[in-house]
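# Report on the structure
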Amino acid sequence: MYIPFLRFGWDFRRPRPLSPITTIGPKENGTANGKSKDYLSVLKETWKLHTRQLYGTETLPSHACCLSPDLIRSEVEYLKLDFNWRMKEVLVSAMLSAYYVAFVPVWFIKSTQYYDKRWSCELFILVSVSTSVVLMRHLLPPRYCDLLHKAAAHLGCWQKVDPALCSNVLQHSWSEECMWPQGVLVKHNKNVYKAMGHYNVAVPSDMSHYRFYFFFHRPLRILNILIILEGSIIFYQLYSLICSEKWHQTISLALILFSNYYAFFKLLRDRIVLGKAYSFCTDSNTEQKLN
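Residues numbered from 1 in each chain as written. Predicted model: local features only at pLDDT ≥ 70, side-chain atom pairs only at ≥ 80, totals over all residues. Heavy atoms only, no water.

### Some points on the packing of helix H2 (residues 69-107) against helix H4 (residues 142-155)
- In the contact formed by H2 and H4, the axes pass within 10 Å of each other and the chain directions differ by 145°. Crossing of H2 over H4 shows left-handed handedness. Facing Ile72, Arg73, Val76, Leu79, Asp82, Phe83 and Arg86 of H2, the residues of H4 in contact are Tyr144, Leu147, Leu148, Ala151, His154 and Leu155.
- Tallied by class, residues from the contact of H2 with H4 come to 9 nonpolar, 1 polar and 3 charged. (Axes fitted to C-alpha atoms, helices over the stretch in contact; angles between N-to-C directions. Helix = DSSP H or I, 4+ residues; strand = E, 2+ residues; numbered from the N terminus. Left-handed = near helix turned anticlockwise from the far one by under 90°. Contact = heavy atoms within 4.5 Å. Nonpolar A, V, L, I, M, F, W, Y, C, P; charged D, E, K, R; others polar.)

In structure tokens form, the structure reads like this:
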């Protein structure tokens, strides 16, 4: 179950009209079957919204390859906000899906009936993790990850070093208006930092800039994390499927496995294709430098 709580690429600070889904009412359906048609209209509008989120280009933020440090830092702040909103939607939707699958059926059982608490908790974890991976692949497409990688490459990173080890090396005073090259040493807040990226405009003492660079300076890091997580959950489900003795557990695990197989295939396909593309770009850049 996927509930689109947020509208990406939208300015949250300005007032906006109601969603097209909420503006649908029975007055628009003048037939006797107003309620059924209203429900079908809601489903149709929801499907259109999902299609626009999946294939529309307006839902993804844009990247500007500029040389202004202030603009680069402002773009990174916007991308951090957008990424955090996407992660919040993943977590909320995954928790709701697991809640309705694992905990809501428990409310309808009688006091004289027995239910397996361990299986309910296990099913909650399996559904929440599986749904999180599927939604992350939906909301973090390869184009979006590449955009974050380009922004991290322009942002750069600083590593704190011991001043006693570099006392004989030239140290500059950090300035927010400069784009620092790799390997340079700067002073900031009575500490010495070394530039780690090819271009460095990040604030040395800002840990959010460091985390952004750490997660996104490698373009395949998010895909690798999702593949490892999805592979681990598939192996655990196969083990549980082999050890299960009850028919309802077998059916539940088999249904979740089918969805995880499809998600794992899509992730692995994207990883292979993008790995070859990025390796080709790296090799071509190396040949140009040698020539």
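### Some remarks on a nonpolar patch on the surface
- Nonpolar side chains collect at one region of the surface, where Met207, Tyr210, Phe214, Phe215 and Ile225 lie side by side and expose about 480 Å² of accessible area between them.
- When residues of the nonpolar patch are assigned to their parent elements, the largest contribution, 4 residues, is made by helix H5 (residues 207-216).
- With respect to the element layout, Ile225 can be found in helix H6 (residues 221-243).
- On the basis of relative accessibility, which here comes to 42%, the residue Ile225 falls in the partly exposed class. (Patch = residues over 30% accessible without salt bridge, like charges linked within 9 Å, V, L, I, M, F, W, Y side chains within 5 Å. Areas by Shrake-Rupley, 256 points an atom, 1.4 Å probe, with all protein chains shown as cover. Salt bridge = Lys/Arg side-chain N within 4 Å of Asp/Glu carboxyl O. Buried < 20%, exposed > 50% of the residue type's maximum accessible area, 1.4 Å probe, protein only.)

### Points about the confidence of the model for the protein
- Confidence along the protein averages 78 in pLDDT terms, with 75% of residues attaining 70 or more.
- Of all secondary-structure elements in the protein, the lowest mean pLDDT belongs to helix H1 (residues 34-55), at 60, while H6 reaches the highest, 92.
- Note on residues 1-32: pLDDT is under 50 here. Beyond four places in sequence and across chains, it has 57 contacts. (pLDDT = per-residue confidence, 0-100.)

### Some points on the pattern of salt bridges
- Inspection of the entire model under this criterion finds 7 salt bridges.
- Lys80 serves as the salt-bridge partner of Glu77, at 3.1 Å between the closest nitrogen and oxygen. Placement of the pair is Glu77 and Lys80 together in helix H2, with a separation of 3 residues, close to one helical turn.
- Overall, Glu77 belongs to the partly exposed group, its relative accessible area being 38%.
- Here Asp270 ties to Arg269 by a salt bridge, and the two come within 3.6 Å at their closest N and O atoms.
- The class of Arg269 is partly exposed, set by a relative accessible area of 36%.
- Here the residues in one salt-bridge network are Arg137, Arg269 and Asp270, joined through shared partners.

### Section: the packing of aromatic side chains
- In total, this model carries 7 aromatic pairs according to the counting rule given.
- A ring pair is formed by Phe103 and Phe124, whose centres lie 5.0 Å apart and whose planes are at 10°; its orientation type is stacked. Placement of Phe103 in helix H2 and of Phe124 in helix H3 (residues 117-139) is noted, with a sequence separation of 21 residues between them.
- Relative accessible area serves as the criterion here: at 31%, Phe103 is assigned to the partly exposed category.
- Look at Phe214 and Phe215: their rings are 5.4 Å apart centre to centre, the planes differ by 80°, and that puts the pair in the edge-to-face class.
- Since its relative accessible area comes to 40%, Phe214 is described here as partly exposed.
- Classification of Phe215 by relative accessible area gives partly exposed; the value is 37%.
- Members of the aromatic cluster, each reached through a chain of ring pairs, are Phe83, Phe212, Phe214, Phe215 and Phe216. (Phe/Tyr/Trp six-rings, centres within 6.5 Å; stacked < 30°, edge-to-face > 60°.)

### Brief notes about the nonpolar core
- Within the largest apolar cluster, 38 residues are counted, with the highest numbers of intra-cluster contacts made by Phe83, Leu140, Leu148, Trp158, Val186, Phe212 and Phe216.
- Secondary-structure elements contributing two or more residues to this core are H2, H3, H4, strand S5 (191-195), H5 and H6.
- The biggest single contributor to this core is H4, with 7 residues.
- In contact with Phe83, other than residues within four places in its own chain, are Leu140, Tyr144, Leu148 and Phe216.
- Counting residues in each nonpolar core, the second largest holds 12 residues, with Ala102, Val127, Ile233 and Ile256 among its members. (Core = buried A, V, L, I, M, F, W, Y, C linked by side-chain atoms within 4.5 Å.)

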